[in-house]
Amino acid sequence: MTELSVLDLSPIVEGSDASQSFANSLDLARHAERLGYKRYWLAEHHNMPGIASAATSVVIAHVAGGTKTIRVGAGGIMLPNHAPLVIAEQFGTLAALFPGRIDLGLGRAPGTDMNTARALRRNLEAGADNFPQDVVELMGYFLPAEEGQRLRAVPGEGQTVPIWILGSSLYGAQLAAMLGLPYAFASHFAPAELDHALDIYRSRFQPSEQLEKPHVMLGLNVFAASTDAEARLLFSSLQQAFVNLRTGRPGKLPPPVENYDRDLDPMAKSMLSQALSCAVVGSPETVRQGIDAFVRRTGADELMITAQISDHAARVRSFEILAEANRSLSQAA
């Protein structure tokens, strides 16, 4: 059975606020734990009215503190926004609070616009270009301290915090392969380089202490409901949010709209069809067939499922339907 995990942006829906988003995230995490999902990851984004997970490590603590067994982590921390020592201390603290349950996914994008990136980093020259060195530095802080070592991450040193490299291009695939780390590809919104990135990662992978062979997790949008029509309606919230973001009008997650894409201009339709091509939208049987086809095509070891659904009950139900579909595939196999 393909392992399933959850990627949550802690969406702020129209008419609601961040407090409700955090309550919804914890509730969804508890359902995911009950349903057998392996991980619950939260993503770092900034200056986006519809995403509440900007202080990612804080939200991870909120979710981990309200669950018992599911792994909780970052998908990801945008490392150029932070000093590696600070992230080592934050995730060392999380690992000390929740032993054996914390993951750390690292990305090199800012997770925001350039003006906000400047406000976060202050010095853009020490940004994405230093990403490989920053990853190695961060990994070093988790090693046991050596005698006479003057710079230490406390908490952090000696902690087992699995590190993942995130990416939407070939850069992350090359780095993950070189360092022998698991690789998570953002195919849920940037699938263009998916096949090429997988080929590079798998063909160039060098075993490490953390990982003996390549391990790939792929982002996938899944919107499941009782019928195909109902699922397509739920999907329209993400479609609207994506068009709004790409046209410079980011906002809260909107409610669904019937036949939203029918009247879109050709450019917007083309953008959506490309950016959201890795999406499975439909009834339980449609979802079962869709995830089976996606895994067969890509050979994914895990799927990281995201579902920007404005109605929380419908969102929970979507993850329930997916878990049931995945179990039926396993039984059939």
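Residues numbered from 1 in each chain as written. Predicted model: local features only at pLDDT ≥ 70, side-chain atom pairs only at ≥ 80, totals over all residues. Heavy atoms only, no water.

1. Details of the layout of surface pockets
Line of reasoning, step 1. Volume-wise, the largest pocket comes out at about 1,200 Å³.
Line of reasoning, step 2. If one sorts the elements of the lining of the largest pocket by residue count, helix 8 (residues 228-246) sits on top with 6 residues.
Line of reasoning, step 3. Along the wall of the second largest pocket there are 14 residues; nearest its centre are Met139, Phe142, Leu143, Glu209 and Gln210.
Line of reasoning, step 4. The element contributing the most residues to the lining of the second largest pocket is helix 5 (residues 131-141), with 3 residues. (1 Å grid on protein atoms, 1.4 Å probe; cavity = no way out; pocket = protein on both sides within 12 Å on 5 of 7 lines; lining within 4 Å. Points joined across faces, edges and corners; volume = space filled by probe spheres on them. Helix = DSSP H or I, 4+ residues; strand = E, 2+ residues; numbered from the N terminus.)

2. Describing helix 8
Line of reasoning, step 1. In a regular helix each residue adds 1.5 Å, so 19 residues correspond to 27 Å; helix 8 covers 26 Å between its end C-alpha atoms and thus fits that length.
Line of reasoning, step 2. The axis of helix 8 is deflected most strongly, by about 25 degrees, at Phe235.
Line of reasoning, step 3. Every buried residue belonging to helix 8 is among Ala231, Leu234, Phe235, Ser236, Ser237, Leu238, Gln239, Gln240, Phe242, Val243 and Asn244, and all of these are buried.
Line of reasoning, step 4. Looking at the buried residues of helix 8, the elements they touch are strand 7 (216-224), helix 9 (266-275), strand 8 (279-282) and helix 11 (312-332).
Line of reasoning, step 5. Directly beyond the C-terminal end of helix 8, a positive phi value near 75 degrees is found at Gly248. (Expected span 1.5 Å × (residues − 1). Bend = angle between axes of the 7 residues up to and from the residue. Buried < 20%, exposed > 50% of the residue type's maximum accessible area, 1.4 Å probe, protein only. Contact = heavy atoms within 4.5 Å.)

3. As for empty space enclosed by the protein
Line of reasoning, step 1. A complete count under the given rule lists 1 cavity of 30 Å³ or more for this structure.
Line of reasoning, step 2. Within this model, the largest cavity holds a volume of roughly 60 Å³.
Line of reasoning, step 3. Around the largest cavity, the lining residues are Pro11, Val13, Ser21, Asn24, Ile309, Ser310, His312 and Arg315.
Line of reasoning, step 4. Here the residues of the lining of the largest cavity are counted per class, giving 3 nonpolar, 4 polar and 1 charged. (Nonpolar A, V, L, I, M, F, W, Y, C, P; charged D, E, K, R; others polar.)

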